[in-house]
Amino acid sequence: MREFIVEADGGSRGNPGPAGYGSVVIDAATGETLVETAEYIGVATNNVAEYKGLVAGLKAAHQLDPGASVHVRMDSKLVVEQMSGRWKIKHPDMKPLAAQAARVFPASQVTYEWIPREKNKHADRLANEAMDAGKRGLAWSPSASTADLDTRAARAAAAREPSGPPGDAAAGAARARAALAGVSGDGAAPAGTVSAGAGASGTSEAAGTGEAADRRAASSAASSTAGSTAGSAASTGARTPPVGWAAPADLGAPATFVLLRHGETALTPEKRFSGSGGTDPSLSGVGREQAQRAAAAFAARGTIQAIVSSPIKRCQETAYAVAARLGLDVHLEEGLRETDFGAWEGLTFGEVRERHPEELTAWLASPKAAPPGGESFATVSRRVAATRDRLTAEYAGRTVLLVTHVTPIKTLVRLALGAPPESLFRMELAAASVSAVAYYRDGNASLRLLNDTSHLR
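Residues numbered from 1 in each chain as written. Predicted model: local features only at pLDDT ≥ 70, side-chain atom pairs only at ≥ 80, totals over all residues. Heavy atoms only, no water.

Undergrad: Sorry, what's going on with the overall build of the protein here?
TA: For the protein, the count of helices and strands is 13 helices and eleven strands. Evaluated residue by residue, the protein yields a buried proportion of 57% over its 457 residues. Entry remark: accessible area of the protein is about 17,900 Å², with carbon and sulfur atoms responsible for 52%. (Helix = DSSP H or I, 4+ residues; strand = E, 2+ residues; numbered from the N terminus. Buried < 20%, exposed > 50% of the residue type's maximum accessible area, 1.4 Å probe, protein only. Areas by Shrake-Rupley, 256 points an atom, 1.4 Å probe, with all protein chains shown as cover.)

Undergrad: What's the story with the sheet that holds strand E4 (residues 69–74) in this structure? I'm lost.
TA: Where strands meet in a sheet, backbone hydrogen bonds hold them as pairs that are either parallel or antiparallel. Spatially, five strands are ordered E3-E2-E1-E4-E5 in an open sheet, and the strand pairing comes out mixed. Among the strands making up the open sheet, the edge pair consists of strand E3 (33–44) and strand E5 (110–114). Averaged over neighbouring strand pairs, the angle between their axes works out to 20 degrees when direction is ignored. Relative to strand E2 (residues 17–27), strand E1 (residues 3–12) runs antiparallel, the two being bridged by nine bridges. When the bridges of E2 are listed, glycine 10 appears paired with tyrosine 21. Running over the sheet, helix H1 (residues 46–64) touches E1, E2, E3, E4 and E5 and is turned about 155 degrees from E1. Packed onto the sheet, helix H4 (residues 121–135) meets E1, E2 and E3 and runs at close to 140 degrees relative to E2. (Pairing = 2+ DSSP bridges. Axes fitted to C-alpha atoms, helices over the stretch in contact; angles between N-to-C directions. Contact = heavy atoms within 4.5 Å.)

Undergrad: Can you help me understand the packing of H1 against helix H3 (residues 94–104) in this one?
TA: Across the interface, H1 lies against H3 with an axial gap of 9 Å and an inter-helix angle of 15 degrees. As far as their axial angle goes, H3 and H1 are roughly parallel. With respect to the hand of their crossing, H1 and H3 are arranged in left-handed fashion. Contacts from Asn47, Val48, Tyr51, Lys52, Leu54, Val55, Leu58, Lys59 and His62 of H1 reach H3 at Met94, Leu97, Ala98, Gln100, Ala101 and Val104. (Parallel < 35°, antiparallel > 145°, perpendicular 65-115°, else oblique. Left-handed = near helix turned anticlockwise from the far one by under 90°.)

Undergrad: What exactly am I supposed to notice about the environment of leucine 58 here?
TA: One can find leucine 58 in helix H1. If sequence neighbours within four positions are ignored, leucine 58 has contacts with Val6, Val70, Val72, Ala101, Val104, Phe105, Val110 and Tyr112.

Undergrad: How should the sheet that holds strand E11 (residues 445–452) be read in this particular structure?
TA: Strand order in this open sheet of six strands is E8-E7-E9-E6-E10-E11, and the pairing throughout is mixed. A strand with exactly one partner marks an edge of an open sheet, and here the two such strands are strand E8 (330–332) and E11. Averaged over all pairs of adjacent strands, the angle between strand axes in this sheet comes to 20 degrees, irrespective of strand direction. The sheet contact formed by strand E6 (residues 255–261) and strand E10 (residues 434–439) spans six bridges and is antiparallel. Considered in E10, the bridge of leucine 260 is made with valine 434. Each of E6, strand E7 (306–309), E8 and strand E9 (399–404) is contacted by helix H9 (residues 313–326), which is oriented at about 170 degrees to E7, the strand it contacts most. Of the strands in this sheet, E6, E7, E9 and E10 touch helix H12 (residues 377–394), which is tilted by about 130 degrees from E6.

Undergrad: Where do I start with the packing of aromatic side chains in this structure?
TA: On inspection of all chains with the given rule, the structure shows seven aromatic pairs. These aromatic residues form a ring-pair network of at least three members: Phe273, Phe341, Trp344, Trp363 and Phe377. (Phe/Tyr/Trp six-rings, centres within 6.5 Å; stacked < 30°, edge-to-face > 60°.)

Undergrad: In this structure, what is going on with the side chain of aspartate 452? I would like to understand it.
TA: By the element assignment, aspartate 452 lies in strand E11. Only 2.9 Å separates the side chain of aspartate 452 from the side chain of serine 454, close enough to count as a polar contact. Non-local contacts of aspartate 452, meaning those with residues more than four positions away in its chain, are made with Arg301, Ser433 and Val434. (Polar contact = N/O pair within 3.5 Å; in protein donor to acceptor, adjacent residues only side chain to side chain.)

Undergrad: Would you mind going over H3 with me for this structure?
TA: An α-helical turn contains 3.6 residues, so a residue and the one three or four places further along point in the same direction. The complete set of buried residues in H3 reads Met94, Leu97, Ala98, Ala101 and Val104. Buried residues along H3 cover an arc of 115 degrees about the axis, so they all sit on one side. The elements touched by buried residues of H3 are H1 and helix H2 (77–83). (Arc of directions from axis to C-beta.)

Undergrad: It is not clear to me how the pattern of salt bridges should be interpreted in this structure. Could you clarify?
TA: Between side chains of opposite charge, a pair can form when the charged atoms approach closely. Under the criterion given, the structure shown has 19 salt bridges. Here aspartate 389 makes a salt bridge to arginine 388, at a shortest N to O gap of 3.1 Å. Using a relative accessible area of 24% as the deciding quantity, one classes aspartate 389 as partly exposed. Within the structure, one salt-bridge network assembled from shared partners comprises Arg2, Asp27, Arg388 and Asp389. (Salt bridge = Lys/Arg side-chain N within 4 Å of Asp/Glu carboxyl O.)

Undergrad: When you look at the nonpolar core in this model, what are you seeing that I'm missing?
TA: When a protein is soluble and globular, its nonpolar side chains tend to lie buried together. Counting 30 residues, the largest nonpolar core has Tyr51, Leu54, Leu58, Val70, Val72, Met83 and Tyr112 as the members making the most contacts within it. Contributing elements (two or more residues each) for this core: E1, E2, E3, H1, E4, H2, H3 and E5. Counting residues per element, this core draws most heavily on H1, at eight residues. Once residues lying within four places of it in the same chain are set aside, the contact partners of methionine 83 are Tyr51, Leu54, Ala98, Ala101, Ala102 and Tyr112. (Core = buried A, V, L, I, M, F, W, Y, C linked by side-chain atoms within 4.5 Å.)

Written out as structure tokens, the structure is:
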């Protein structure tokens, strides 16, 4: 069962006065921000805004997975105690909102926790963004929100962690588990999140994916990272198993994803957008040779136990070349398909800049922006994360070859490291390159290899 943390806040500038709410849904295992939502609701009280934030957060979590277990964190003592059943709901404005919140998930799937306001900055910022937008006569826009980035920066500065990027996967997972266990820890919220509640301050989730994106990655000082990444919760008292080389033997064998990007197509040398929205080129002669070289390398190592592939043609051709050499079947997985680049399919980066300048600027600025008729990187991230969860459960303790594309591979690496969306600009993946991530039973992950092309030389 997936576990979500929902953090919500609401505020009113006058109480009653102009009011708004903010909510965020977090993956409890990784600390990854999954959904942000906020809205200006007109004139209302703090308590009404807080309840509306709770309802919005629960509905967002339900859309992701109605079977998930949800842990709500708010700094509103009133909402937490009333929803936990310890305080009676007497105010007529509160009763329908509390009933609405109670209907989203079965009561057995939801728990509530009060947290102090200083740990509440993410949803607080969202609520204030909504109120600021309402003051200007506008609706809150996720593409214009800086709440997640502002919160990450504030948390990183407060934590002063000596190593690992803000949102490091191990530290993020540790903080999330500490939150679920009621451990106060170092005062930092789970990576990519914080919570909210009674009275948001009344005063005042990429890029570098797809075949065209490697050009941008190279031009922005792309860096390849190999080996393992280990993280730990900063002296929190939360007993979090370390990962990578420091992982204890009692965690057992991890589920290891060996990530193979498909071989070259005719579009690859020209750096054209090639996703899943229309263009479906076959491997070129070079690409078929690359697939055979990869197959020979995997046969020599003898570690692959199963093969899972994107259903896109170029990946299937690569996967079946390896499968023929290893004597394994190929299982197709829709969640591993490439981003749908919509109207940009088949175009070069320069052609897109010429024909769709405003859309390209928005796309480069925010992972929530999508090409016309295509997918945003935020959408792809959610799809890939859900696929990762299914496959790690299905192939626990085994080594699986995933044959896929630039976006899914970079996304899996980013999520494993707990890195922000913009980190995808700083990774380069060659055609038929190999990367690897190990997933442990405690929810931690370890990056073991990135963009290895030694088998092609």
